[in-house]
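Summary of the model geometry
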Amino acid sequence: MSVPNTEKSPNGSPPEIEATTMEPLEPVQTNNGRPACFSSTLQEVLFVLTATMAIAMQAMLAGSVTVASSFIGRDLNMTTAEITWISSASSLSSGAFLLFFGKLADLFGRKSLFVGSLFLFSVFALVAGFAKSGISLDILNGIMGLMSASGVPPAVGILGVVYEKPSKRKNYAFACFSAGNPLGFIFGTIFGGVATNVFGWRASFWLIAIIFLVTTIIGIWTIPKDFTAKEPVNLETLKRFDILGTVFIIFGIGMFSAALSLGETAPIGWTTGYVLALLIVGLALMIAFVLWDCWFKYPLVPMGIWKDRNFTLCLCILMLGFMAFVPGNFFAALFFQRVWHMSALEVAVHLLPMAIMGIIVNIVAGLILHRVSNKLIMLVAKLSYTSSFLLIAFNKTDSSYWSFYFPSFILLVMGADLEFNVANMYVMSSMPPSQQSVAGGIFQTVAKLCTTLGFGITTALFSSVQQRPRLATYWDPTTQPYTATFWFSVACSVAGLMLVPFLTLGTQGGKEKGVSVGTSESGAAEDNVQVAEEKKAEAEAT
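What counts and how
- Residues numbered from 1 in each chain as written.
- Predicted model: local features only at pLDDT ≥ 70, side-chain atom pairs only at ≥ 80, totals over all residues.
- Heavy atoms only, no water.
- UniProt positions renumbered as here; feature names shortened; annotations may be inferred.
- Helix = DSSP H or I, 4+ residues; strand = E, 2+ residues; numbered from the N terminus.
- Buried < 20%, exposed > 50% of the residue type's maximum accessible area, 1.4 Å probe, protein only.
- Contact = heavy atoms within 4.5 Å.
- Areas by Shrake-Rupley, 256 points an atom, 1.4 Å probe, with all protein chains shown as cover.
- Axes fitted to C-alpha atoms, helices over the stretch in contact; angles between N-to-C directions.
- Parallel < 35°, antiparallel > 145°, perpendicular 65-115°, else oblique.
- Nonpolar A, V, L, I, M, F, W, Y, C, P; charged D, E, K, R; others polar.
- Salt bridge = Lys/Arg side-chain N within 4 Å of Asp/Glu carboxyl O.
- Core = buried A, V, L, I, M, F, W, Y, C linked by side-chain atoms within 4.5 Å.
- pLDDT = per-residue confidence, 0-100.
- Polar contact = N/O pair within 3.5 Å; in protein donor to acceptor, adjacent residues only side chain to side chain.
- Disulfide = S-S within 2.5 Å.
- Expected span 1.5 Å × (residues − 1).
- Left-handed = near helix turned anticlockwise from the far one by under 90°.
- Patch = residues over 30% accessible without salt bridge, like charges linked within 9 Å, V, L, I, M, F, W, Y side chains within 5 Å.
- Phe/Tyr/Trp six-rings, centres within 6.5 Å; stacked < 30°, edge-to-face > 60°.
- Lys NZ or Arg CZ within 6 Å of the ring centre and 35° of its normal.

In the nomenclature of an unreviewed UniProt entry, the protein corresponds to Major facilitator superfamily (MFS) profile domain-containing protein from the organism Friedmanniomyces simplex. In the Subcellular location (unreviewed entry) part of its UniProt record, the protein is described as follows: "Membrane".

As structure tokens, this is what we get:
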């Protein structure tokens, strides 16, 4: 076996290592064996599925609400804006507290927080099924979003620690985990549609309660013990907790998101005093959070991570994708119910192709992340996104489902799942094991915040065009409000597409000779040396 030259050059610079040839992935590097914390493959598989259900919590809730929204609105006498608050409330609370719970999990342990979150989510879903007013349902959905925020970071953290080294096995696990968000939404629409059609909208919440109670029981057995170092509860730990940064980000995101959600329904719209106050103070607190964490010794979010170009671009592309995906799906389902007068079950059936395609795409993603350039995968994802919303945007009341919506749904899921897989894998690989929960918190905070932002903008567009239809005569007045929201999704997709050329991603989950794949350019030299030293040590041992 040839050993690369690891001696330093006379000027002390890192050694130059050939990057043109390829060698097969070696077991010692890729760590493809079953992690030692699992006693069997069955336990490992069930653990990955349990972790996937953590990220599916809020998505499944949003999907279920989407297909039942018009039925909930009629039963509880809610306006369109109030109906969107059911989803916005959970996104708002989830996005505001994700970083807090991420830090909490990294410092004090992950398993108990994970299991407790699954159980409490089940309990509040049960209670939500008995809600008697729109306000109480909004509040309960906000609490369920809080439980989602407390469950996702520890789930991501345990996954990141268990599958620490790059490997095909890690790709499979994270591909399954990544599927939780889009597939959770889709299966939420299916389960919610069936339950609503057979028993009423309240049954959709009770079904969610049953699903996550079963998940909790499975999780107690399958989730491995958290073997990372934990901090004692004392004054020194509290100083390192970044309490001020936590307060800044919770209230900043909360106020900003509330302003976006309230703007359209306020007495004088966006110029209402409390809406402007929430918007300005929220933005100010988020800016204060960034400045504080740039200075604080133990920041909630290490700001240096944003210097990694691929990290920043991946999250920006993901943000634009989610601003299009979730609101786009919501208004598509609302169009089915209000314009095409479908029942909840019919809506679920028409969304079924998304679920099937989602399963296929995530299987493929797990197989190709370590083989195909992730920049190319991201390009395919954004082209799929853009094509999807262009198709929906040209749909009319008398159009055929098979002409526009069916191909659009296929492309939409392809874009969402491929994009999510690439971004999630890169973000989780960018931070050390001790900060895996915070990494998951950063990732999910971006997703939730931009979802709320997308809902705020699309709700305003919908209401404005509904009151004064002014699009081209190609679209009838009934279709125009929905079309306006879809064109916004097209704009978000195109903006994300324009960022892809600036990515420098290779493959993720395997290593090429002398090249660290899936890392930033700034760290490539150090990683090259590390790979060379590992090979040299192995050769000497041989």
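Next comes the rest of the account.
**Comments concerning the overall build of the protein**
Helix and strand counts for the protein come out as 17 helices and zero strands. Burial analysis of the protein (542 residues in total) assigns 58% to the buried set. Taking the contacts inside the protein whose residues are at least 6 apart along the sequence as the reference set, 81% of them involve residues at least 24 apart. If you sum the accessible surface of the protein, you get close to 21,400 Å²; carbon and sulfur atoms cover 69% of it.

**Side note on the packing of helix H6 (residues 168–199) against helix H12 (residues 344–368)**
The contact between H6 and H12 brings their axes to 8 Å, and the two run at 170°. In this view, H6 runs roughly antiparallel relative to H12, as classed from their interaxial angle. Taken together, the residues of the contact of H6 with H12 break down into 17 nonpolar, nine polar and no charged.

**A short note on the environment of lysine 225**
Looking at where lysine 225 falls in the secondary structure, it is placed in the loop between helix H7 (201–222) and helix H8 (235–239). Expressed as a C-alpha distance, the spacing of lysine 225 and arginine 110, which sit 115 residues apart in the sequence, is 8.5 Å.

**As for the environment of serine 463**
Note on placement: serine 463 falls in helix H15 (residues 436–467). Residue classification places serine 463 among the buried positions, given a relative accessible area of 13%.

**Structural notes on the pattern of salt bridges**
Under the counting rule described, the total for this entry stands at three salt bridges. For the salt bridge of lysine 382 with glutamate 419, the shortest nitrogen-to-oxygen distance reads 2.9 Å. In this pair, lysine 382 sits in helix H13 (residues 374–393) while glutamate 419 sits in helix H14 (residues 405–429), placing the two residues 37 residues apart along the sequence. Residue lysine 382 shares its accessibility class with glutamate 419, and that shared class is buried.

**Details of the nonpolar core**
Counting 135 residues, the largest nonpolar core has Ile72, Leu137, Phe212, Phe336 and Tyr405 as its most contacted members. Broken down by element, the residue count for this core peaks at 18 residues, all from helix H11 (residues 309–338). When sequence neighbours within four positions are dropped, the list of residues in contact with phenylalanine 212 reads Met53, Ala56, Met57, Met60, Leu118, Phe121 and Ser122.

**Topic: the confidence of the model for the protein**
For the protein, per-residue confidence averages 78 on the pLDDT scale, and 81% of positions sit at 70 or higher. Scored below 50 in pLDDT, residues 1–30 shows 48 contacts in the model against residues more than four places distant or in partner chains. The model gives residues 512–542 a pLDDT under 50, and that stretch makes 56 contacts with residues more than four places away or in other chains.

**Thoughts on the side chain of threonine 479**
Relative to the helices and strands, threonine 479 resides in the loop between H15 and helix H16 (480–499). Of the residues examined, threonine 479 reaches a relative accessible area of 2% and is grouped as buried. For threonine 479, the side chain forms a polar contact with the side chain of threonine 397, separated by 2.7 Å. Other than its neighbours up to four places away in sequence, threonine 479 contacts Phe335, Asn395, Lys396 and Thr397.

**What about the state of the cysteines?**
Tallying each qualifying case throughout the model produces zero disulfides. Free of any disulfide, cysteine 316 has its nearest neighbouring cysteine sulfur in cysteine 314, separated by 9.5 Å. Exposure remark for cysteine 316: the relative accessible area of 28% places this residue in the partly exposed category.

**Thoughts on H7**
Taking 1.5 Å as the rise per residue, H7 with 22 residues should run 32 Å; its terminal C-alpha atoms sit 32 Å apart, in good agreement. Considered for burial, the residues of H7 that qualify are Trp201, Ala203, Ser204, Phe205, Ile208, Ala209, Ile211, Phe212, Thr215, Thr216, Gly219 and Thr222. Packing partners of the buried residues in H7 comprise helix H2 (41–76), helix H4 (111–128), helix H5 (134–162) and H6.

**Brief notes about unusual backbone geometry**
Its identity is not glycine, yet histidine 341 carries a phi of approximately 55°, on the positive side. On the secondary structure map, histidine 341 appears in the loop between H11 and H12. Classification of histidine 341 as exposed rests on a relative accessible area of 62%.

**Observations regarding the environment of threonine 507**
Looking at the element boundaries, threonine 507 is found in the loop between H16 and helix H17 (524–541). Between the C-alpha atoms of threonine 507 and leucine 376, which are 131 residues apart in sequence, the distance is 9.7 Å.

**Quick notes on the packing of H2 against H4**
Helices that pack against each other are described as a pair by the angle of their axes relative to one another and the distance between those axes. Packing of H2 against H4 leaves a shortest axis separation of 11 Å and a crossing angle of 35°. Crossing handedness for the pair H2 and H4: left-handed. Contacts between H2 and H4 involve Thr50, Ala51, Ala54, Met57 and Leu61 from the first element and Phe114, Ser117, Leu118 and Phe121 from the second. Of the residues belonging to the contact of H2 with H4, the class tally is seven nonpolar, two polar and no charged.

**Some points on a nonpolar patch on the surface**
Residues Phe119, Leu120, Val123, Leu126, Val127, Phe130, Leu213 and Ile217 make up a contiguous nonpolar surface patch of about 690 Å² in total accessible area. Secondary structure elements with two or more residues in the nonpolar patch: H4 and H7. With five residues, the top contributor of residues to the nonpolar patch is H4. Along the chain, leucine 213 turns up in helix H7.

**Overview of the packing of aromatic side chains**
Under the criterion given, the structure shown has 30 aromatic pairs. Consider the rings of phenylalanine 394 and tryptophan 487, whose centres lie 5.5 Å apart with planes at 75°: the pair is edge-to-face. Within this pair, whereas phenylalanine 394 is found in the loop between H13 and H14, its partner tryptophan 487 is found in helix H16, the two being separated by 93 residues in sequence. Judged by its relative accessible area of 35%, phenylalanine 394 falls in the partly exposed class. In textbook terms, an aromatic cluster arises when at least three aromatic residues are bridged by ring pairs, as seen for Phe330, Phe331, Phe335, Phe336, Trp340, Tyr401, Trp402, Tyr405, Phe406, Phe409, Phe462 and Tyr482. The ring centre of tyrosine 474 lies 4.5 Å from the NZ or CZ of lysine 396, which sits over that ring.

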